[in-house]
Amino acid sequence: MASPFSLNLAPLSPELQKRAEVELRETPEIVAAAILELRELVENDDTIYFKTDDKILIMYLRPCKFYAKSAYELMKRIAAFREKHKDILENLLPSDERTAFTEYGVVTVLKDRDHKGRRVLVVNSGSAWDPSKVTTDQLFRMFYLIHEAALLEEETQVNGVVVIMDYDGLGMKQVKCLTPAFSMKLLGFIQEAMPLRLKEVHMVKQPFVFNMVWQIFKPFIKEKLKNRIHFHGSKMASLHKFIPPTHLPKDYDGVLPAINYSGKEWYPVIEEHIEHIKMLNRNWHVMPICVETDNDGVPFVTLGSHQLRLDLEDISGEFEERAKTELLETPERIQEGLKKFRELINAEKGLNLPIDDDKFLLKFLRPFKCNAEQAFKMMKKFYRFKVKNPKYGGLHVTPEGVRHVFDSEVFMFLPTRSLYGGRIMIINAGTKWKPKEVPLVDMFRSIMVSIEIAMMEPKTQVGGANVIIDLEGLSLTHVYQFSPSMAKLIVDWVQPTWLQECAPVRLRGIHIINQPYLFSMLYALFKPFLGEYLKKRLSFHGTDYKSLCDKIGESSLPRKFAGTADIPDYPGSIFSEMLFYYQNKFQDFYNYGYIAELNDNQLISDESAKSNGTSIKTCSKAG
């Protein structure tokens, strides 16, 4: 007689074959065609690697009902997920979590399947879980190992799995560990990268404090999963509507014996199939993300199905139409505006600009609908700002000068554009910002570089810019970096009335996400300086990513923000490297403006910095 703690490695029974045919379209003809199509897709994709024998491919085809393209997308998401979380998943083996499995009864699988033949995973997330002994990362790794073992069972591939989350005795010790970061990781796996059919999730014995946990998880849960989550509290009769008492232990008012086993009994089963797990560890790969160049020498980075590049070409198509409708742009208005603009620049003493460069001048004219007087007024403020604040807008503000900021991933650009064609910038001003490594001064310099990038792109001149400020992990250390004078400086830079103060870019919106309660202190610092223009463009989303998607566009945002765009995370150093191709262009920018005054003030600023012991980075031209 087989041990109750074992995997069923038998092929599908006739009954299960019939169910697979009805529920999963699993007929010999469809299976054969799907395997051929999926094998071709995988073998022709040099960005991922999976074994392509029939058994492995069927493992990914079943949860996708034998639609090969869907299974292929699932495999790509699995590869991307493992790459993203390789710090905890790379070469993961059962022995890595032996202690967590065998000494702490946090996770187990019921010995008996439920009435529909489904495996039932029980997670004791209440008082039975001591986060100081089993961290959330360990908890996740245990889930991952269990799911890898379950994939061996064809019966489970067809019938799916059920999860019982038991919150008996849940307290603040557990709640404070269930962070948004953990919830995003867990739900990202379940919703995007798990090749098993998750049929139901049952929350039981949850106390009042569970509401805090639910508020953390809720924003990241998509409709499909939300419809499969059921809340029962202490009313086991409610649970019995889904799983009858005949298939539940006494712990949940069932007729089966109470659970007197744990992961300790299941651990040898997982260990027994270590070769399968090693195969899965080898059975994925994502080609390193790197900077490439096209035939014209233009640098770009391939991110999923998108390319991150600077759009320096002239506008056409959709953007040309936007310019006509939103900016009243016609060839006649452009020429008229450029002519007047040149006259105003020529009359201004000390202002050095490439006056014959239409593209250069147009990036100032566009935000003002080719109104030369308004554009000129803003242009003077733009260059006066650099004279007045040389350490923020002077010679050191180039991609090379702020490389460490981009390397640290404090500033990121998405390869997609918003609903209205705007460039999407992300500022990670919480966990990823280490003020000792990236002082606030350098943060602001990076803003200046980012604005210069936006100004270079004709598409962004028309579509504007959207800024997402992610404050997850914001701490007092971050808040203390902001003085009232720095707050006013930043606001003066982005704060436009109709006559923009300093930044010649159409600001579409600033979106604050994942802000903790502490954010109110920081906002109180900025609020007195905010005008109506900026207030109207500020949106506070917290963890409500749906509202963020409504503003920017679901198809423009990556899955971590509840979007649908296939955009993997990428190292900040890659963005830095791409920008280095434009280092010379940035250095040329500093031949423009009120050069004599800027050089004098830059010298004073550098001498002041040296006297205060501040390091000055010199910029050399990129080779």
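Since the structure is predicted, the reported quantities are computational estimates derived from the model, not experimental observations.

Colleague: What's the story with the overall build of the protein chain in this structure? I'm lost.
Modeller: Check the secondary structure of the protein chain and you find 31 helices and 13 strands. Projected onto the principal axes, the alpha-carbon positions of the protein chain cover approximately 95 × 55 × 40 Å. The buried share of the protein chain, taken over its 623 residues, is 54%. Relative to all contacts within the protein chain whose residues are 6 or more apart in sequence, the contacts with residues 24 or more apart total 79%.

Colleague: Just checking my understanding: could you explain the packing of aromatic side chains for this structure?
Modeller: Counting across every chain of the model gives 28 aromatic pairs. When the ring of Phe140 is compared with that of Phe189, the centres are 5.6 Å apart and the planes differ by 80 degrees; the resulting orientation is edge-to-face. Of the two residues, Phe140 sits in helix α7 (residues 136-150) while Phe189 sits in helix α10 (residues 180-192), which places them 49 residues apart along the sequence. When sorted by exposure, Phe140 lands in the same class as Phe189, which is buried.

Colleague: Looking at this structure, I do not really get the pattern of salt bridges. What am I missing?
Modeller: Should their charged atoms come close, side chains of opposite charge can pair. Evaluation of the coordinates by the stated rule reveals 42 salt bridges. A salt bridge links Arg62 to Glu26; the shortest N-O distance between them is 2.7 Å. Taken together, the residues span a long stretch of sequence, with Arg62 in the loop between α3 (54-61) and α4 (68-84) and Glu26 in the loop between α1 (14-24) and α2 (28-43) at a distance of 36 residues. Summarising the burial analysis for this pair, Arg62 and Glu26 share the class buried. A salt bridge links Glu153 to Arg119, with the shortest nitrogen-to-oxygen separation between them at 2.7 Å. With Glu153 in the loop between α7 and α8 (154-159) and Arg119 in strand β2 (residues 119-124), this residue pair connects regions lying 34 residues apart in the sequence.

Colleague: It is not clear to me how the sheet that holds strand β8 (residues 306-308) should be interpreted in this structure. Could you clarify?
Modeller: Two modes of strand pairing occur in sheets, parallel and antiparallel, and in both the strands are linked by backbone hydrogen bonds. Taken together, 3 strands build an open sheet; the order of strands is β6-β7-β8 and the sheet is antiparallel. Looking at strand neighbours, the two that pair on one side only are β6 (291-293) and β8, the edges of this open sheet. Within this sheet the neighbouring strands show an average axis-to-axis angle of 45 degrees, counted without direction. Here β6 runs beside strand β7 (residues 299-303); their pairing, made up of 3 bridges, is antiparallel. Looking at the pairing, Glu292 lines up with Phe300 of β7. Relative to the sheet, helix α29 (residues 572-580) contacts β6, β7 and β8, its axis offset from that of β7 by approximately 155 degrees.

Colleague: Which parts of the structure should I look at to understand the environment of Tyr517?
Modeller: Here Tyr517 shows up in the loop between β12 (507-513) and α26 (519-526). Residue classification places Tyr517 among the exposed positions, given a relative accessible area of 76%. Between the alpha carbons of Tyr517 and Leu474 there is a distance of 9.4 Å; along the sequence they are 43 residues apart.

Colleague: Just to check I follow, could you spell out α2 for this structure?
Modeller: Turn by turn, an α-helix covers 3.6 residues, leaving residues three or four places apart pointing in a common direction. With 16 residues, α2 should reach 22 Å at 1.5 Å per residue; the first-to-last C-alpha distance of 22 Å fits that figure. When α2 is considered as a whole, its buried residues turn out to be Val31, Ala34, Ile35, Leu38 and Val42. The arc enclosing the buried residues of α2, seen along the axis, measures out at 105 degrees, which places them on a common side. Every exposed residue of α2 that faces more than 90 degrees away from the buried side is listed here: Glu29, Leu36, Glu40 and Glu43. Where α2 is buried, its residues contact α3 and α4.

Colleague: Got a minute to help me understand the sheet that holds strand β10 (residues 423-428) in this structure?
Modeller: Taking strand neighbours across the sheet as the criterion, the 5 strands line up as β9-β10-β11-β12-β13 in an open arrangement whose pairing is mixed. One side of each edge strand has no neighbouring strand; the edge strands of this open sheet are β9 (411-417) and β13 (538-542). Pairs of neighbouring strands in the sheet enclose a mean axial angle of 20 degrees, with direction left out of account. In this structure, β10 lies alongside strand β11 (residues 465-470), joined through 6 bridges in parallel fashion. By the bridge assignment for β11, Asn428 is matched with Asp470.

Colleague: How do you make sense of the side chain of Glu200 when you look at a structure like this?
Modeller: Looking at the secondary structure, you find Glu200 in strand β4 (residues 198-204). A distance of 3.2 Å separates a polar atom in the side chain of Glu200 from a polar atom in the side chain of Arg118. A polar side-chain atom of Glu200 sits 2.7 Å from a polar atom in the side chain of His202. Beyond its immediate sequence surroundings of up to four residues, Glu200 is in contact with Arg118, Val161, Val162, Val163, Arg228, Phe242 and Ile243.

Colleague: Teacher, can you tell me more about the pairing of β7 here?
Modeller: The element β7 is extensively covered by neighbouring structure, given that 4 of its 5 residues are classed as buried. In this structure, the hairpin formed by β7 and β8 is closed by a connection of 2 residues, where Gly304 is found at a positive phi of approximately 65 degrees.

Colleague: Teacher, can you tell me more about the UniProt feature "domain: CRAL-TRIO" (unreviewed entry) in the protein chain here?
Modeller: As annotated in UniProt, the feature "domain: CRAL-TRIO" (unreviewed entry) corresponds to residues 97-260 and 415-569 in the numbering used here. Here residues 97-260 is 37% helix and 16% strand, with 21 Å between the C-alpha atoms at its ends.

Colleague: Sorry, what's going on with unusual backbone geometry here?
Modeller: Most peptide bonds are trans, and most residues other than glycine sit at a negative phi. Its identity as a non-glycine residue notwithstanding, Asn91 has a phi of 55 degrees, on the positive side. Secondary-structure assignment places Asn91 in the loop between α5 (86-89) and α6 (98-103). The exposed category is assigned to Asn91, whose relative accessible area is 53%. In this model, Lys205 sits at a positive phi of 55 degrees, which is unusual for a non-glycine residue. Structurally, Lys205 is set in the loop between β4 and α11 (210-217). Its relative accessible area of 24% is what places Lys205 among the partly exposed residues.

Colleague: Help me out: how do you make sense of the domain arrangement of the protein chain in this one?
Modeller: In many analyses, interface size is given as the accessible surface area lost on bringing the parts together. Partitioning the protein chain into structural domains gives domain 1 (14-82), domain 2 (94-283), domain 3 (291-313 + 391-604) and domain 4 (317-382). Opposite the 19 residues of domain 1 that make contact, domain 2 presents 23 residues. Overall, the association of domain 1 and domain 2 removes approximately 2000 Å² of surface from exposure, summing both partners, and the carbon and sulfur fraction of that is 59%. Three residues, Met59, Phe81 and Arg82, lead the burial of domain 1 against domain 2; their summed loss comes to 32% of the area buried on that side. Our count for the domain 1 to domain 2 interface comes out at 4 salt bridges. A salt bridge links Arg197 to Glu23; the shortest N-O distance between them is 3.2 Å. The tally of links from domain 1 across to domain 2 stands at 8 residue pairs in polar contact (both at pLDDT 80 or more). Breaking the side of domain 1 that touches domain 2 down by element, the ones donating at least two residues are α1, α3 and α4. Residues belonging to the side of domain 1 that touches domain 2 are distributed by class as follows: 13 nonpolar, no polar and 6 charged.

About the cut-offs
Residues numbered from 1 in each chain as written. Predicted model: local features only at pLDDT ≥ 70, side-chain atom pairs only at ≥ 80, totals over all residues. Heavy atoms only, no water. Helix = DSSP H or I, 4+ residues; strand = E, 2+ residues; numbered from the N terminus. Buried < 20%, exposed > 50% of the residue type's maximum accessible area, 1.4 Å probe, protein only. Contact = heavy atoms within 4.5 Å. Phe/Tyr/Trp six-rings, centres within 6.5 Å; stacked < 30°, edge-to-face > 60°. Salt bridge = Lys/Arg side-chain N within 4 Å of Asp/Glu carboxyl O. Pairing = 2+ DSSP bridges. Axes fitted to C-alpha atoms, helices over the stretch in contact; angles between N-to-C directions. Expected span 1.5 Å × (residues − 1). Arc of directions from axis to C-beta. Polar contact = N/O pair within 3.5 Å; in protein donor to acceptor, adjacent residues only side chain to side chain. UniProt positions renumbered as here; feature names shortened; annotations may be inferred. Domains from an automatic or database assignment. Buried area = accessible area lost by both parts, 1.4 Å probe. Nonpolar A, V, L, I, M, F, W, Y, C, P; charged D, E, K, R; others polar.

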